[in-house]
Amino acid sequence: MCVCQTMEVGKYGKNATRSGDRGVLLEPFIHQVGGHSSMMRYDDHTVCKPLITREQRFYESLPPEMKEFTPEYKGVVSVCFEGDSDGYINLVAYPYVENEAVEQDDMPERDQPRRKHSRRSLHRSSSGTEHKEERSGLASDSTESSSQETKSPRVDLHIHSDVPFQMLDGNSGLSSEKISYNPWSLRCHKQQLSRMRSESKDRKLYKFLLLENVVHHFRLPCVLDLKMGTRQHGDDASEEKAARQMKKCEQSTSATLGVRVCGMQVYQLDTGHYLCRNKYYGRGLSIEGFRNALYQYLHNGIELRKDLFEPILAKLRSLKAVLERQASYRFYSSSLLIIYDGKDSRAGMFVERRPEMRLKRVDSSVPESLQDGGSTEPGSSAQPKVDVRMIDFAHSTFKGFRDDPTVHDGPDMGYMFGLESLINIMEQMREENQ
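What counts and what doesn't
Residues numbered from 1 in each chain as written. Predicted model: local features only at pLDDT ≥ 70, side-chain atom pairs only at ≥ 80, totals over all residues. Heavy atoms only, no water. Buried < 20%, exposed > 50% of the residue type's maximum accessible area, 1.4 Å probe, protein only. Helix = DSSP H or I, 4+ residues; strand = E, 2+ residues; numbered from the N terminus. Pairing = 2+ DSSP bridges. Polar contact = N/O pair within 3.5 Å; in protein donor to acceptor, adjacent residues only side chain to side chain. Expected span 1.5 Å × (residues − 1). Core = buried A, V, L, I, M, F, W, Y, C linked by side-chain atoms within 4.5 Å. Contact = heavy atoms within 4.5 Å. Phe/Tyr/Trp six-rings, centres within 6.5 Å; stacked < 30°, edge-to-face > 60°. Salt bridge = Lys/Arg side-chain N within 4 Å of Asp/Glu carboxyl O.

Here's the deal with the pairing of strand β4 (residues 46-50)
Looking along a regular strand, one sees side chains alternate from face to face of the sheet.
Link 1 in the chain: Counting buried residues in β4 gives five out of five residues, a clear majority hidden from the surface.
Link 2 in the chain: Relative to β4, strand β3 (residues 40-43) runs antiparallel, the two being bridged by three bridges. Residue pairing for β4: M40 is matched across the bridge by C48.
Link 3 in the chain: The turn joining β3 and β4, which pair antiparallel and follow one another in sequence, is formed by two residues.
Link 4 in the chain: Relative to strand β8 (residues 205-212), β4 is paired through five bridges, and the arrangement is antiparallel. Counted as the bridge partner of T46 is E212 from β8.

This is how it looks when you write it as structure tokens:
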């Protein structure tokens with residue numbers, strides 16, 4: 001079981017940080033841009049998240065043709081809530097032992113902690129109040145955790161990015177804080193630790209899913225998290241939860257487009273920073289606002305990445321063709337990740353083009369890895385690498401799955417509507433910027 005141990009940080013190199021003989025010290029996944037469950041880094045190729053049985057079984061039952069568009073499922077670990085020699089609280093993963101660990105959905109829904117912003121979001125009347133809500137939401141998180149932070153949630157992260165992150169504020173300016181991880185990642189991590197800490201007297205081990213780290217192959221991952229579909233509540237949702245989710249959809253582009261922004265980070269060549277947006281921003285967007293957000297995601301601070309249109313569109317069309325064949329499947333509340341590399345092969349050309357960069361290359365905020373010109377890389381003229389992955393299947397269903405009483409006909413038309421909207425907007429953007 002769990003015992004207080006000293007973390008042997010760094011002993012095992014960059015693949016995994018070991019605790020004792022078997023444990024792996026988990027760190028927040030610094031590129032998490034959305035969601036409410038904390039994604040944790042297990043090793044360079046693997047992340048993990050609190051296990052929900054329905055999601056685990058869904059991953060195990062995936063049709064082969066969908067696997068190209070989902071993270072690889074790698075199994076289960078037991079995660080322990082431990083203290084180190086300095087009094088900090090850590091999450092440590094151990095090999096899974098049957099019947100020892102408990103998954104998150106073993107608690108009845110009424111007993112699971114509600115997120116503080118869920119009721120507040122029902123009272124929004126226009127996008128004009130969105131940024132005020134975003135700021136107050138972040139402030140309440142800070143207040144909520146401040147009383148515990150000195151004793152439990154550790155913020156001196158061992159894993160961090162060499163590139164700063166900046167959250168855009170309500171006036172579309174940059175926040176003053178420049179940190180080495182996406183701010184949403186830290187928010188989710190603190191909430192996760194608080195939940196586990198409050199339950200620590202009754203629960204010692206948790207089950208976590210091991211999943212492929214889908215941004216591992218990208219040097220500077222630019223990530224867009226899109227909540228897909230016109231409906232977000234599962235068939236088993238309570239009336240109260242269904243009403244909350246329907247209200248969110250009605251007041252956002254989920255209703256008008258079948259898709260809304262849930263979070264994003266995009267690397268800016270001109271500043272050397274990631275710009276970040278969160279789900280509160282996405283909920284307040286109009287159709288035109290959604291188009292502008294997509295444009296911002298594809299803009300590197302110097303120019304629009306026109307070279308990304310075709311590879312992303314090809315992936316989206318392929319996914320649409322696959323999902324059209326999945327009769328009875330519903331992907332309620334799932335997200336779609338679009339990923340590309342901010343380390344454009346033309347980065348050096350951009351740097352050289354700017355006189356102030358040429359004069360101050362040593363002091364430039366563009367990382368040294370981007371100052372080598374890029375043109376010497378083999379295949380630099382090839383199409384940029386992009387990826388499109390479906391995630392978050394805790395409310396998904398299909399005919400015969402877990403004896404679900406509700407059976408749906410045909411493909412998920414709400415999800416298909418979202419894909420069609422996304423494809424249409426990107427095609428229009430490509431035509432307008434040829």
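Still to come is the rest of the account.
Considering the environment of S185
Link 1 in the chain: Within the secondary structure layout, S185 lies in helix α4 (residues 183-198).
Link 2 in the chain: Its relative accessible area of 1% is what places S185 among the buried residues.
Link 3 in the chain: When the C-alpha positions of S185 and S38 are compared, they lie 6.9 Å apart, and in sequence the two are 147 residues distant.
Link 4 in the chain: At a separation of 2.8 Å, a polar atom in the side chain of S185 contacts the main-chain carbonyl oxygen of F29.

Some thoughts on α4
The periodicity of an α-helix, 3.6 residues per turn, causes residues three or four places apart in sequence to face the same way.
Link 1 in the chain: Compared with an ideal rise of 1.5 Å per residue, which puts 16 residues at 22 Å, α4 spans 23 Å between its outermost C-alpha atoms and is within 8% of the ideal.
Link 2 in the chain: Most of α4 sits out of view: 13 of its 16 residues are buried.
Link 3 in the chain: For α4, the N-terminal capping position is held by N182, with its side-chain oxygen 2.9 Å away from the main-chain nitrogen of W184.

Description of the nonpolar core
Link 1 in the chain: Ranked by internal contacts, the top residues of the largest apolar core, which has 77 residues, are L298 and L336.
Link 2 in the chain: In terms of residues, this core owes the most to one element, helix α12 (residues 413-432), which gives eight residues.
Link 3 in the chain: The contacts of L298, once residues within four sequence positions are left out, are E303, L304, R305, L308, F309, I312, Y340, M426 and M429.
Link 4 in the chain: Judged by nonpolar contacts, the second largest core, of 16 residues, contains Y42, V77, M196 and Y206.

Remarks on the side chain of Q232
Link 1 in the chain: Examined against the element boundaries, Q232 turns out to sit in the loop between β9 (221-228) and α5 (239-250).
Link 2 in the chain: You can call Q232 buried: its relative accessible area is 2%.
Link 3 in the chain: A distance of 3.3 Å separates the side chain of Q232 from the backbone oxygen of M228, its partner in a polar contact.
Link 4 in the chain: One polar contact links the side chain of Q232 to the main-chain carbonyl oxygen of G229, over a distance of 3.3 Å.
Link 5 in the chain: Look past the residues within four positions of Q232 in its chain and what remains in contact with it is K227, Q245, C249, S254, R260, Y332 and S333.

Side note on the packing of aromatic side chains
Link 1 in the chain: In the structure shown here, the tally under the stated rule is 16 aromatic pairs.
Link 2 in the chain: With centroids separated by 4.9 Å and ring planes inclined at 25°, the aromatic side chains of F58 and F393 adopt a geometry described as stacked. Placement of F58 in helix α1 (residues 53-60) and of F393 in the loop between β14 (386-391) and β15 (396-397) is noted, with a sequence separation of 335 residues between them.
Link 3 in the chain: Taking the relative accessible area as the measure of exposure, F58 reaches 1% and is therefore buried.
Link 4 in the chain: Its relative accessible area of 0% is what places F393 among the buried residues.
Link 5 in the chain: Ring centres 5.0 Å apart and planes at 65° place the aromatic pair Y297 and Y340 in the edge-to-face group. With Y297 in helix α8 (residues 287-297) and Y340 in strand β13 (residues 335-341), the pair connects residues that are 43 residues apart, well separated along the chain. Just as Y297 is buried, Y340 falls in that class too.

Brief notes about the pattern of salt bridges
Side-chain pairing between opposite charges can occur once the charged atoms of the two side chains come close.
Link 1 in the chain: Under the criterion given, the structure shown has 18 salt bridges.
Link 2 in the chain: Between R325 and E65 there is a salt bridge, with its nearest N and O atoms 2.9 Å apart. With R325 in the loop between α9 (309-324) and β12 (330-331) and E65 in the loop between α1 and β5 (73-83), the pair connects residues that are 260 residues apart, well separated along the chain.
Link 3 in the chain: A relative accessible area of 51% places R325 in the exposed class.
Link 4 in the chain: Across the pair R291 and E432 runs a salt bridge whose closest N-O atoms are separated by 3.2 Å.

In short, geometric facts, not functional conclusions.
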